[in-house]
Each structure stands twice: as C-alpha cells, then as structure tokens.
Amino acid sequence: MSAIPLIHSPAHEDAPSIVRPAQAAAQRLPALPDVLAALHAGSLAPHAFDHRAHLFAAWSALLRYGVVEGAARFRPALRAYTAHLQAADKYHVTITEALLRLVAAAALSASADSEGRWQAQWQRFERRHAALFRSSREVLADYYSDACLLQDEARLRFVPPDLRALPPTALDGPGME
C-alpha cells in the first residue's frame, strides 16, 4: 500500500490535511484565464492575438458565462482591445458576430462532452472544429460573399449571410447583435 502524500495546510498549522494525489493535481491546475479582462486592459501583445487567440477568447467567454452572457461580454472586450491598440477601425461587427455564432454552435455541439479540465476541452474543440481555425475570410466564405463583407454596413452592424445561413444558436434572437 502506498502512502498518501500530506500537503501542509497553512490554515491549520498544527494539523496537516490529507489530500489525495488526484485532488492535489487538480489544485495545481491553472484556472481558465480571464481573457476578457486582459482584452479590456489592453494587456495582450498584439502579435500574439491572432485568429486562434480570438477564437480562444470567444470560446472561453462562452464556456465561463454561457452563450448569451459570454457573447455580450466578449463583444465590448474586443472593442476595448482594438480601441486600446488605436485600431478601432479594424473591429468588424459582422465578422466578429458571425465567428462568435460559429464558435457558439460548435461549443453547443460539444457541450455533451464538456467534462474535464478546460485545457482538455479546448484541445477537443480545436480538433473537432479545425475548420474554424482557418483564416476568418476562409471560415466565412461558405456564408458570406466578399462583396457582402466589404460593405461599410457589414463593418458597422451585423449583416446576415448572403450565401448560406449560419447554424442556429441562442444568439439568433432580435437584439442579439
């Protein structure tokens, strides 16, 4: 029989607590990063905030807060980040919203398999939805023509797809853009 390691508990100086190895490992795992706070603070390096990082930020917001609240928190965080970078003109409402809806639809399809650490969940998400990790334009090419996405209106407000409908999500109601 192997000994269970003791982990010292500072709260009880005179009585060490017994923690099973699996519990000890879980206590050392990092929590899901608060990417939205980092976006609001402008603390992410621009060169590191690529398409994959955008998807991770959206996915983590949806995971942490649920689809509707996560999306509602993600949008202003991304706007704040582009403003911090003095690149507010790069924020494209339709591209952001369409990708957010695709991430939500993919996350919804994976919700039945949401057990495990967030790192494992993210890795499963990446594997199962590899098509989302192509460039934004490639991902949206099935739904939007270039002409549609290049319109000023599409940059300023959500424009529905002109080629094929996006998958249904909880974000489909009026006023959800």
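Everything numeric here is computed off the predicted structure, so don't read it as measured data.

Engineer: Explain empty space enclosed by the protein to me, and be specific about the residues and the numbers.
Structural biologist: Scanning the model with the defined rule gives 1 cavity of 30 Å³ or more in all. Roughly 40 Å³ of internal volume is contained in the largest cavity. Forming the boundary of the largest cavity are Leu32, Pro33, Asp34, Val35, Leu36, Ser60, Ala61, Arg64 and Tyr65. Every element with two or more residues in the lining of the largest cavity is listed here: helix 2 (35-41) and helix 3 (51-65). Ranked by residue count, the leading element in the lining of the largest cavity is helix 3, at 4 residues. Looking at the lining of the largest cavity residue by residue, the classes come out as 6 nonpolar, 1 polar and 2 charged.

Engineer: Before we move on, can you summarise the pattern of salt bridges with the specific residues and values?
Structural biologist: Going through the model one piece at a time under the given rule, you end up with 6 salt bridges. For the salt bridge of Glu153 with Arg157, the shortest nitrogen-to-oxygen distance reads 2.4 Å. Each of Arg75, Glu97, Arg101 and Asp172 takes part in a single network of salt bridges with overlapping partners.

Engineer: Give a description of the side chain of His51 that names residues and reports values.
Structural biologist: Relative to the helices and strands, His51 resides in helix 3. Classification of His51 by relative accessible area gives buried; the value is 18%. Among the polar contacts made by the side chain of His51, one reaches the side chain of Ser136 at a distance of 3.3 Å. Those residues within four positions of His51 in sequence are excluded, and the remaining contacts are Leu99, Leu132, Phe133, Arg134, Ser135, Ser136 and Val139.

Rules and cut-offs
- Residues numbered from 1 in each chain as written.
- Predicted model: local features only at pLDDT ≥ 70, side-chain atom pairs only at ≥ 80, totals over all residues.
- Heavy atoms only, no water.
- 1 Å grid on protein atoms, 1.4 Å probe; cavity = no way out; pocket = protein on both sides within 12 Å on 5 of 7 lines; lining within 4 Å.
- Points joined across faces, edges and corners; volume = space filled by probe spheres on them.
- Helix = DSSP H or I, 4+ residues; strand = E, 2+ residues; numbered from the N terminus.
- Nonpolar A, V, L, I, M, F, W, Y, C, P; charged D, E, K, R; others polar.
- Salt bridge = Lys/Arg side-chain N within 4 Å of Asp/Glu carboxyl O.
- Buried < 20%, exposed > 50% of the residue type's maximum accessible area, 1.4 Å probe, protein only.
- Polar contact = N/O pair within 3.5 Å; in protein donor to acceptor, adjacent residues only side chain to side chain.
- Contact = heavy atoms within 4.5 Å.

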